[in-house]
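Residue-level listing of the chains:
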Amino acid sequence: MTATVFTIPSGVPFLDHLAYGLMINPKLGGCLKSDTHSLSDATILLPTRRAVRTLADAFLKSNKKRAMLLPSIRALGDLGEEDMALGEADSGVDDTVWAEIGITEILPPALAPLERQSLLTTLILQWSYTSEAGPQDAAQAAALAFELGRFLDSIHLQEANLKDLERLTPSDYAENWRQMMTFLSIITEQWPKILHTRNRLDPAARRVKTLKLLATHWQQHPPPHPVIAAGSTGSLPATAALLKIIAFMPQGVVVLPGLDTMMDDDSWDSIGPDHPQCSLKRLLEAMGVARTDVAPWPTASPESSVHRRVVLLSEAMKPAQATASWRNRLADNPPEDTEPPSNPLDGLEVIETPTPREEAVAIALMMRETLETPQRTATLVTPDRTLARRVGAELRRWNISVDDSAGYPLVNSPPFVFLRHTTALLEEEWAPVALLSLLKHPLAGLGIKRASVRRLTRRLERRILRGVRPATGIYGLRQAFNKIKNEREHTNLTLLINQLASCFEPLSNVRYEPNLTFSQWLHAHISTAEALAATDTETGTTLLWAGDAGQATAHFLKVALEQCTDIPPLSLNAYGRLLMELARPQVVRSVYNRHPRLSIQGVLESRLQTHDLVILGGLNEGIWPTTVNVDPWISRPMAEKLGLDPPEHRIGLAAHDFFEKAAAKQVVITRALKQGGTPTVKSRWLMRLEILLAGMGHEHALETPKPWSHYAHYLDQPDEPIRPIKPPAPTPPVAVRPTRISVTEVETLIYDPYSLYARYVLRLRALSPLDEPLNARHRGNAIHDVMEEFGRLFPDHLPENALEELIRIGERIFVETGISHSSVYAFWWPRFVQAMEWFAEGEAQRRQNTKHLAVEAKGDMEINVAGQVYHLHGRADQINIQENGALVIYDYKTGTIPSASQVIHRFRPQLPLEAAMARHGAFEHIPPHPTEELVYIKLSGGKTPGEEHPLRNRTRPIDANHLADETLQMLRILLEKYTNPNMPYASHIRPSSFLWHSDYDHLARVLEWSAGMEQDSPS
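*Asks:* Can you help me understand the side chain of Asp 771 in this one?
*Replies:* Among the secondary structure elements, Asp 771 is positioned in the loop between helix 31 (753-761) and helix 32 (776-793). There is a polar contact of 2.7 Å between the side chain of Asp 771 and the side chain of Arg 469. If we ignore the near neighbours within four places in the chain, the residues touching Asp 771 are Pro 432, Val 433, Leu 465, Gly 467 and Arg 469.

*Asks:* Help me out: how do you make sense of the packing of helix 36 (residues 910-919) against helix 37 (residues 960-979) in this one?
*Replies:* Packed helices, taken two at a time, are described by the angle between their axes plus the distance between the axes. Look at helix 36 against helix 37: their axes get within 8 Å of each other, and the N-to-C directions meet at 100°. When the axes of helix 36 and helix 37 are compared, the pair comes out roughly perpendicular. In this structure, helix 36 uses Pro 912, Leu 913, Ala 915, Ala 916 and Arg 919 to contact helix 37, whose residues at the interface are Asn 961, Leu 963, Ala 964, Asp 965, Thr 967, Leu 968 and Leu 971. Considered class by class, the residues forming the contact of helix 36 with helix 37 number eight nonpolar, two polar and two charged.

*Asks:* Is there a simple way to explain a positive patch on the surface in this structure?
*Replies:* A cluster of basic residues, Arg 455, Arg 458, Arg 462 and Arg 488, forms a positive patch on the protein surface. Sorting elements by how many residues they give to the positive patch places helix 18 (residues 450-465) first, with three residues. Within the secondary structure, Arg 458 sits in helix 18.

*Asks:* Mind showing me how you'd approach the sheet that holds strand 8 (residues 378-381) here?
*Replies:* The strands making up a sheet associate through hydrogen bonds between their backbones, and the pairing can be parallel or antiparallel. One open sheet holds the five strands; their spatial order is 7-13-12-8-11, and the pairing between them is parallel. The outermost strands of the open sheet, each flanked by one partner alone, are strand 7 (348-353) and strand 11 (598-601). Between one strand axis and the next, the sheet turns by 20° as a mean value, whatever way the strands run. Taken together, the six bridges between strand 7 and strand 13 (residues 667-672) define a ladder with parallel strand orientation. Following the sheet pairing, Glu 349 is matched in strand 13 by Val 668. In this fold helix 27 (residues 648-662) packs onto strand 7, strand 12 (613-616) and strand 13, with an angle of close to 145° to the strand it touches most, strand 12.

*Asks:* Looking at this model, I keep getting lost on the sheet that holds strand 5 (residues 252-257). Mind explaining?
*Replies:* Read from one edge of the open sheet, six strands run 3-2-4-5-1-6, paired in parallel fashion. Single-partner strands in this sheet number two, and they are strand 3 (72-75) and strand 6 (295-296). Note that strand 2 (residues 43-46) and strand 4 (residues 227-230) share three bridges and pair parallel. Across the sheet, Ile 44 pairs through a bridge with Ile 228, a residue of strand 4.

*Asks:* I'm lost on the packing of aromatic side chains in this one. Help?
*Replies:* Aromatic rings in a pair are described by how distant their centres are and how their planes are angled relative to each other. Under the definition given, this model contains 20 aromatic pairs. Note on Phe 658 and Trp 685: the rings are 5.0 Å apart at their centroids and 25° apart in plane angle, and the pair reads as stacked. Highlighted residues: Phe 658 in helix 27 and Trp 685 in helix 28 (residues 684-695), separated in sequence by 27 residues. Between the aromatic rings of Phe 839 and Tyr 892, the centroid separation amounts to 6.1 Å while the plane-to-plane angle is 75°, which identifies the pairing as edge-to-face. Remark: Tyr 892 occurs in strand 19 (residues 887-893) and Phe 839 occurs in helix 34 (residues 825-849); sequence separation between them is 53 residues. Residue classification places Tyr 892 among the buried positions, given a relative accessible area of 4%. Aromatic rings pair up to connect Tyr 754, Tyr 757, Tyr 978 and Tyr 985 into one cluster.

*Asks:* Hey, could you run me through a nonpolar patch on the surface in this one?
*Replies:* A cluster of nonpolar residues, Val 681, Met 687 and Ile 691, forms a patch on the protein surface that exposes about 260 Å² of accessible area. Tracing the sequence through the fold places Val 681 in the loop between strand 15 (678-679) and helix 28.

*Asks:* Would you mind going over the pairing of strand 3 with me for this structure?
*Replies:* Successive residues of a regular strand alternate their side chains across the two faces of the sheet. Taken together, the four bridges between strand 2 and strand 3 define a ladder with parallel strand orientation. Paired with Leu 45 across the strands is Arg 74, a residue of strand 3. One crossover worth recording links strand 2 to the parallel strand 3 by way of helix 2 (residues 49-62), and it is right-handed.

Each value, and the rule that gives it
Residues numbered from 1 in each chain as written. Predicted model: local features only at pLDDT ≥ 70, side-chain atom pairs only at ≥ 80, totals over all residues. Heavy atoms only, no water. Helix = DSSP H or I, 4+ residues; strand = E, 2+ residues; numbered from the N terminus. Polar contact = N/O pair within 3.5 Å; in protein donor to acceptor, adjacent residues only side chain to side chain. Contact = heavy atoms within 4.5 Å. Axes fitted to C-alpha atoms, helices over the stretch in contact; angles between N-to-C directions. Parallel < 35°, antiparallel > 145°, perpendicular 65-115°, else oblique. Nonpolar A, V, L, I, M, F, W, Y, C, P; charged D, E, K, R; others polar. Patch = residues over 30% accessible without salt bridge, like charges linked within 9 Å, V, L, I, M, F, W, Y side chains within 5 Å. Areas by Shrake-Rupley, 256 points an atom, 1.4 Å probe, with all protein chains shown as cover. Salt bridge = Lys/Arg side-chain N within 4 Å of Asp/Glu carboxyl O. Lys, Arg positive; Asp, Glu negative; His and termini not counted. Charge placed at Lys NZ, Arg CZ, Asp CG, Glu CD. Pairing = 2+ DSSP bridges. Phe/Tyr/Trp six-rings, centres within 6.5 Å; stacked < 30°, edge-to-face > 60°. Buried < 20%, exposed > 50% of the residue type's maximum accessible area, 1.4 Å probe, protein only. Right-handed = clockwise from strand over helix to strand, strands pointing away.

That's the geometry; what it means functionally is another story.
As structure tokens, this is what we get:
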């Protein structure tokens, strides 16, 4: 008996012509030996469930949308182990069809993927107890289990024998491979016992057994009705065997997708595993059918332009050994010198964009243009999920929602992110970022109104969480509330935290329980998440598990509770990482909201699908085709001994998918020239095609007539050129200008007046960073607080144990400011102690010569300028008085101290202005006194623990009173300028510079003020 094998050539809509051919000729010209059966009696086997749905639509289209009885259309499941991991693991001959074809033997059910991963995780953890190279926790074991499951699938699908692993002589390989063989004993020795005990099969093993059982049954009992297997490449041995049986059955037909019947025999014989026709060649050899015996499908004949392109694509894809025949093709098609050669690739274009972002915009523009033509359809086919998401986002600018048929990761869906935030809050001990991530999530309700949660969260952030992190845990948050003076605000924030703590009770109650299983953790986790998602009107169950993402998350958790029962006890941190690892392979697919004419598909989902415009995105090496990874479990020689396909076979399958899509009527290929700033390498298939075209004189045949890349670049460009604006120079009314200025803000008024405008006119305040790390400013503030409290406690005399008192005060303040709970405490505390030792000794000497008057002395002085009263205020760190009645004003510094030149030239005017205030009696409880000396006290605690720096001009003291008067006069002139309504609040300095802006005339005045001091100061 001869085989009945057809092919529908590339460039022809496969399923449309399959349906049309069966509709107009059910017996295919007598190839089906049946005169009594109609089309509805036939059984059609297709590779995927998506193809099954599309073929049903194709029959309806061929019948002009009239009602009809369809044949039985089933999914064959011709998928590899990688395709199973992408979510098509359920494809295969359905058990319900067995009764229809008369098979009574029922195989044991398949082990669910999540249950298998859970069991393998347990076995790997047990193995790790005896191995130093084992995983550190359950999450790492789960990741290994997932990859080990994929390896099991490849073993089963390619019908290798697990026992052959044991016969790979360890002495032939390196030590690491011998260790790997020890690890793989998990699947060679322990795993079969577990499957036998549970009466289960691996999913891939069951699929293979199903196909073999069906092939054996049909070989012994050929069905009396027609059986058509279409669209399969027979990449799996079991599929190839079934197709062979079908091809030789009296009522059997096999229809191959895109068999190259025009390739010469020498090229056909030299086909390697990375060639598009490799799988079909192996299938024909397994079936014992010659390529010349494959007939074209009666109704399938490509258009002439598409046929020319298919021929050229076939030529470009020839094996490396056969590319010498390109010379013959060039001889048959010489470049024309007089006229531009005609384009042999009409309908195929290539777009190269500078970046992936512009590639996505260009694709979105092409898909948007498609909608301008009624009934026209378009699809993007790409293995690059990032590109797919970008295109979907770009299409939403026109309110076009396109579903990515490959779905998106479950771990990135809102419900699962909410679950991740829930555990992260406890893992990170209520850290500010983790707390706000949870409270600001759209699903957070806490059993009250969501609007109230948002409002209180903003208050909590501003009042408590901005700045240095509070003490650890919820206790630290409650302790931080003591700083809130507003009683109403304190009550509201306490309510928020109480609600949050109440919702967390299921997890908090078991957090420190020993020997808690994964299921127990998950039960407590779900209860906590539902309580957190509830509002005052709706339950958390209703809100958390709603929509496609919510249902997918709920289904995953339900399956995890049922199937992940063997994982040993674990901690909260290990549980959170394990849950993330188990959910990583899961995807969310949208059931609704699919655009009827636009789609985004992965390579697997696009098989046998037809669209008017096909966009092949991401044609770069490493993306399409993807990088061939080295098998982590066994080496290439080992895989060859086991009879596994080489890694290049996956490239061949990808090449066939590319070939079929590139042969569509209108195709656009896109690629980005750079990825992350790094130049990319174009796909080998595209490179081959361009080389062949260049030799034929068609260098520009692939150029697109429309500048899509140009459109993408200028889509978001403004209509007018961008004109840089000048720095802001606001001139607010004099009435709203600030009339109070501190001694430290005078420097700001000189350098950057705009910041004072923002603070006092616009009333803007910069928020402290969230979870701000402790820095030099916090250290300086803490030491100032120590100095202030010490001075207030001992204003008249020093205690005998001055150092002990300083350290006691420092310990308390370091605790209150959170320094004691930080890692910097180990560095800052020894330096603080050294600085205090130096200070205690120096302060005793200072008080022998001077009398202590005040610390942190508050002062306020009125300055009348052009009828406007200004208030100069500030605090002096320490003021002492000498026997002659003159003052010594001290300023504590923990960092760099100003130079004498900066102070003398009024660039750092704080201390001279404090001297001016003291001379006019502006400080509380201190009568007017002249100032004898201005002194900086540096408390670094380093190699030199402390230094006292009197303000001197070189080695000579300066006249502090004269300097104070000159500085005060400078301030008067400066304030006079800002009393003028035309004086703008603009920055006087260039960025990253202390140079004065040359446009302001008061620079000359400043130079005049300092002229009297020039002779006493260095240049």
